[in-house]
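# Overview (structure and organization)
Residues per chain, in single letters:
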There are 2 protein chains.
Amino acid sequence: MSLDAPAPVATRGPVRVVGTGLLGASVGLALSTRGVDVVLSDPSRTALALARDVGAGRLPADDDAPVTLVVVAAPPDVTADVVAAELRAHPHAIVTDLASVKGYVLADLRAAGADLTRYVGSHPMAGRERSGPAAALPDLFVGRPWVVIDSGESSAAALLAVRALATDLGAVPRAMDPAEHDDAVAVVSHLPQVAASLVAARLRDAPNAALDLSGQGLRDVTRIAASDAGLWTSILAANAASVGAVLVELRADLDRVIDALASAAAPGAAPETVPGALGVLARSIAQGNAGVARIPGKHGGTPRVYAVVTVLVPDVPGELARLLTDVGAAGVNLEDLQLEHSSGRPVGMAAISVLPGRAEHLERELTARGWRLAS
Amino acid sequence: MSLDAPAPVATRGPVRVVGTGLLGASVGLALSTRGVDVVLSDPSRTALALARDVGAGRLPADDDAPVTLVVVAAPPDVTADVVAAELRAHPHAIVTDLASVKGYVLADLRAAGADLTRYVGSHPMAGRERSGPAAALPDLFVGRPWVVIDSGESSAAALLAVRALATDLGAVPRAMDPAEHDDAVAVVSHLPQVAASLVAARLRDAPNAALDLSGQGLRDVTRIAASDAGLWTSILAANAASVGAVLVELRADLDRVIDALASAAAPGAAPETVPGALGVLARSIAQGNAGVARIPGKHGGTPRVYAVVTVLVPDVPGELARLLTDVGAAGVNLEDLQLEHSSGRPVGMAAISVLPGRAEHLERELTARGWRLAS
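What counts and what doesn't
- Residues numbered from 1 in each chain as written.
- Chains lettered and ligands numbered in written order.
- Predicted model: local features only at pLDDT ≥ 70, side-chain atom pairs only at ≥ 80, totals over all residues.
- Heavy atoms only, no water.
- UniProt positions renumbered as here; feature names shortened; annotations may be inferred.
- Salt bridge = Lys/Arg side-chain N within 4 Å of Asp/Glu carboxyl O.
- Helix = DSSP H or I, 4+ residues; strand = E, 2+ residues; numbered from the N terminus.
- Buried < 20%, exposed > 50% of the residue type's maximum accessible area, 1.4 Å probe, protein only.
- Contact = heavy atoms within 4.5 Å.
- Buried area = accessible area lost by both parts, 1.4 Å probe.
- Polar contact = N/O pair within 3.5 Å; in protein donor to acceptor, adjacent residues only side chain to side chain.
- Nonpolar A, V, L, I, M, F, W, Y, C, P; charged D, E, K, R; others polar.
- Pairing = 2+ DSSP bridges.
- Axes fitted to C-alpha atoms, helices over the stretch in contact; angles between N-to-C directions.
- Least-squares fit on C-alpha atoms with pLDDT ≥ 70 in both.

- Chain A appears in an unreviewed UniProt entry as Prephenate dehydrogenase from Pengzhenrongella sicca.
- The UniProt entry for chain A carries the following comment under Sequence similarities (unreviewed entry): "Belongs to the prephenate/arogenate dehydrogenase family."

The structure is reproduced here in structure tokens:
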């Protein structure tokens, strides 16, 4: 959607943003740049001042008009309490929260007897490796899924307002129920985080000579292991049941692999003498093949298989730009780009994903332009 | 090193390449393009003909001069037998193999009473998602580590020849002993492969609505789960003891996480009432932070922390090229580039890694050029 589209009533503001970390400040920044009056609140004076200074909104004033929408962007473990307080403090406002786990928030609010007609939980699937208001980005939500959750009692106006907030910020609203959402993020977000952290933890005691053999595979698998420990502790604890269930399933598969390796490693057991073990290993990798094939492609929807053209790129400023200029000149749209670095040498490989039908044409064009390539 | 450097004696050839898959054909292609006479051998007539057609070398002839070097690029499970046969068939040639696991090959050769003075095991840390001779690439080894392993009886000439092969192909030779190598690849290569496959396997039964929430983190963690099941079965079986040991350590950490989640999920147990569980979760993520920080940076050596500038890139041919041209025009060298795709929308985020001191300058320059950015 265009950022010039008119805002629906509830998001015309004043909108109150409670919690001015990366997400809250980004919401404030995006709404402010669209002319919405955003009032900021945060227990940390530093975070609050910083959010104001980056343009996320203003501080409250005594003569403020009543807010129409409250966006709670607090840490997961305090979200329910903050939402309940905001529902009480702003009896005519619609209240949403951005917590990445939804079931426990709704359960706590119901237990607290909160007015669920004015509450709609939500979860924008957006984030960055950096955190805090200084990392705020008005475009943070553009193109990302934004889960919108009916409390079961949410009014039509409340649901519309939160969907409108998502679309106004360029996101794609997706209706889900809390359990469905929490099970989904357990497998597509929380599971990979735990796996990446556990793999990376094994590197702590590895010799430098071993780490010198690191390749792109290890870098990809462990990239998100750099995530914030405090935030993830709250997220995992808040979704403990769903994450635990998925990890128990993974452990069962892991046990099978460990047992298979033990019999393959048994003294005198040449691999070909333990077909059962080999079968388990082959099945484990094959099941991974089947699973990864289900991840939606760049434009969502069904997975698309791209052809990959790999090009050697001298590590000199401007070389990658020159390559991509040539790709554009060849009239080929780049679907994905991966840079493979060569440990110990200033040279890189650019793996360019294109629609299968375009690969040969691109290879001819790039070769003609003097690029050294692979396939 | 430059590809024009003179080849040392043993690699002047004729060089015999046994096994014309991706690695063997790439070795043949790289040597052939440097004028070395390469003789190809493969049990598969199709693979052999294809390797010849892509320029990896020629078929054997009756009047061939004796080969000086044999490069065995066979599947891991048959490598030892092939090396032993080549040592017998070419009594004056130096023989190396490229198997990704080394200990069992040397043990089998010693057991078979092979002439270990002429044998030097090696392992180029290079590969592609595509396999077979058609994917062969003369630059496949450029800048990659290439492990060279003294059999304990290897002659100085044999060691020199295999180191020369590595450097001639643009790789960086690294001396290791077999156990050191196998333990190293178990943690930096085989462990992430198993973890990626097990995580991806959990996606098989996930609802489409869950997969629609997939982000870059899941894509990164599971990318290598698309690897070839047959090849990886042989690799894992051949390194069963080392991989098994690392997986047992990972399972111990996983058990702690699962137990912590179970107590956090216990009925009535609010996260803050189970500090012990939270401590375990926080420690697991923090240990991942510490491990990932040890992975060497782009140019090898000690890890370098880069500043990241995130830019919104319309998904239109040429836009990414225009961005990188502007980065070059700003006089900033790009250390790494990651494209984040937005499921459901044709818009992307380019995360540009630069030396910390250059980030502010780059942000000013890109903003001045009209880019919408993040930090």
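This is not the end of the story, as more comes after the structure.
### As for the pattern of salt bridges
- Inspection of every chain in the model, using the stated rule, returns 35 salt bridges over all chains.
- A salt bridge links aspartate 212 of chain A to arginine 174 of chain B; its shortest N-O distance comes to 3.7 Å. Pair noted here: aspartate 212 of chain A is in the loop between helix H7 (208-211) and helix H8 (216-222) and arginine 174 of chain B is in strand S7 (residues 172-175), and the two residues belong to different chains.
- You can call aspartate 212 of chain A partly exposed: its relative accessible area is 24%.
- Between aspartate 220 of chain A and arginine 223 of chain B there is a salt bridge, and its shortest N-O distance comes to 2.5 Å. In this pair, aspartate 220 of chain A sits in helix H8 while arginine 223 of chain B sits in the loop between helix H8 (216-222) and helix H9 (229-238), so the two residues belong to two different chains. Comparing aspartate 220 of chain A with arginine 223 of chain B shows no difference in burial state: the two are buried.

### Structural notes on the interface of chain B and chain A
- Taken together, the 134 residues of chain B in the interface contact 134 residues of chain A.
- When chain B packs against chain A, the two sides together hide about 11,900 Å² of surface, and 64% of this comes from carbon and sulfur.
- Connecting chain B to chain A are twelve salt bridges.
- Between aspartate 255 of chain B and arginine 251 of chain A there is a salt bridge; the shortest N-O distance is 2.6 Å.
- Taken together, the links from chain B to chain A amount to 27 residue pairs in polar contact (both at pLDDT 80 or more).
- Across the side of chain B that touches chain A, the residue classes tally to 79 nonpolar, 29 polar and 26 charged.

### Considering the sheet that holds strand S3 (residues 69-72) of chain B
Residue and element names in this part refer to chain B.
- In spatial order, the strands read S2-S1-S3-S4-S5-S6-S7; together these seven strands make up an open sheet with mixed pairing. Edge positions in the open sheet fall to strand S2 (38-41) and S7, since each of these has one partner strand only. For this sheet the average axis-to-axis angle between neighbouring strands, irrespective of direction, equals 25°.
- As judged from the four bridges shared by S3 and strand S4 (residues 94-97), these two strands associate in the parallel manner. Each residue of the ladder has a partner; that of leucine 69, found in S4, is isoleucine 94.

### Brief notes about the relation of the copies chain B and chain A
- Note on the identical chains: chain B maps onto chain A by a rotation of 180° and an axial translation of 0.0 Å, with an RMSD of 0.1 Å. The relationship between the two copies is best expressed as a two-fold rotation axis. Among all residues of chain B, the minimum C-alpha distance to the rotation axis is found for valine 221 of chain B, at 2.0 Å.
- Here 100% of the contact residues of chain B are again contact residues in chain A; the copies associate through an equivalent surface.

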